[in-house]
Amino acid sequence: MGQPLYPHLVQPFGVYETNCYIVQTPQGELIIDPGMGSARWILESTQNPLAILITHGHFDHIFDVAILKENLKDVPIYCPKDDSFMCESDCFDTGLTPFVPDVLVACNRSREDFVLQGIAFSYLHFPGHTPGCSIVLIGDRIYSGDFIFKRSIGRYDFPYSSQQDMKDSLLRFQNLEVENLEIFPGHGASTYLAYEQNNVGLWISRL
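Here is a short report on the structure shown in this document.

Calculation criteria
- Residues numbered from 1 in each chain as written.
- Predicted model: local features only at pLDDT ≥ 70, side-chain atom pairs only at ≥ 80, totals over all residues.
- Heavy atoms only, no water.
- Helix = DSSP H or I, 4+ residues; strand = E, 2+ residues; numbered from the N terminus.
- Expected span 1.5 Å × (residues − 1).
- Bend = angle between axes of the 7 residues up to and from the residue.
- Buried < 20%, exposed > 50% of the residue type's maximum accessible area, 1.4 Å probe, protein only.
- Contact = heavy atoms within 4.5 Å.
- Phe/Tyr/Trp six-rings, centres within 6.5 Å; stacked < 30°, edge-to-face > 60°.

### Quick look at helix α6 (residues 193-206)
Here is step 1: Helix length check: α6, at 14 residues, gives a terminal C-alpha distance of 20 Å against a target of 20 Å (1.5 Å per residue), a fit within 8%.
Here is step 2: Asparagine 199 marks where α6 bends most, by close to 35°.
Here is step 3: Of all the residues in α6, the buried ones are Leu193, Glu196, Gln197, Asn199, Val200, Trp203 and Ile204.
Here is step 4: Where α6 is buried, its residues contact β10 (141-145), β11 (148-149), β12 (152-153), α5 (163-174), β13 (182-185) and β14 (191-192).

Here it is as structure tokens:
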């Protein structure tokens with residue numbers, strides 16, 4: 001496909017079985033969405049953590065970030081700017097320990113590229129599920145958080161969600177011009193970009 005293939009570890013955590021991913025690059029590991037109870041597994045499974053990447057601010061995706069930050073003080077936390085308030089306060093009253101992200105990713109319905117120790121990754125902003133909801137592109141894989149699932153999409157009836165934003169995001173996702181990458185969502189099994197793009201018309205008709 002022309003993009004690097006980085007292996008990853010995945011483990012679901014918490015009552016919502018939120019997928020936490022550890023992407024293994026030659027330079028070290030990228031940790032995606034460390035949910036409730038994931039910290040011990042992450043600390044035992046990494047040797048050189050490079051960053052913690054948050055797809056969006058819902059508590060089941062960020063619950064153990066504060067614990068990790070205590071143990072990995074120099075590891076930066078990347079978070080979509082428009083969801084940072086969900087990290088900095090327990091706004092859903094879930095028992096979350098607040099934390100302050102180190103890098104706020106722009107939320108302008110486009111793409112922001114990063115390079116960290118020679119490893120490239122990108123955030124693509126698709127609001128609707130949350131104001132900052134994003135997918136993360138690393139090598140030849142998409143980590144879609146709660147935006148796109150296998151044969152499903154993220155809910156848009158939560159506080160701070162937006163039905164109109166979800167519709168706009170799905171239209172942009174449908175026209176996303178990248179290779180047919182494999183998608184690894186925040187819950188459930190993996191899927192493929194082209195397959196889910198073909199499903200967008202159905203979801204939009206139900207919005």
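Now that the structure is up, let's keep going.
### Focus: the packing of aromatic side chains
Here is step 1: Summed over the entire model, instances satisfying the criterion amount to 14 aromatic pairs.
Here is step 2: Both rings, one in phenylalanine 13 and one in tryptophan 41, keep their centres 5.6 Å apart while their planes meet at 50°; by these two values the pair is tilted. One end of the pair, phenylalanine 13, is in strand β1 (residues 8-13); the other, tryptophan 41, is in helix α1 (residues 39-45), with 28 residues separating them in the sequence. Both residues of the pair, phenylalanine 13 and tryptophan 41, belong to the buried class.
Here is step 3: With a centroid separation of 5.8 Å and 25° between ring planes, the pair formed by tyrosine 143 and phenylalanine 184 is classed as stacked. Taken as a pair, tyrosine 143 in strand β10 and phenylalanine 184 in strand β13 lie far apart in primary sequence, 41 residues in all.
Here is step 4: The buried category is assigned to tyrosine 143, whose relative accessible area is 1%.

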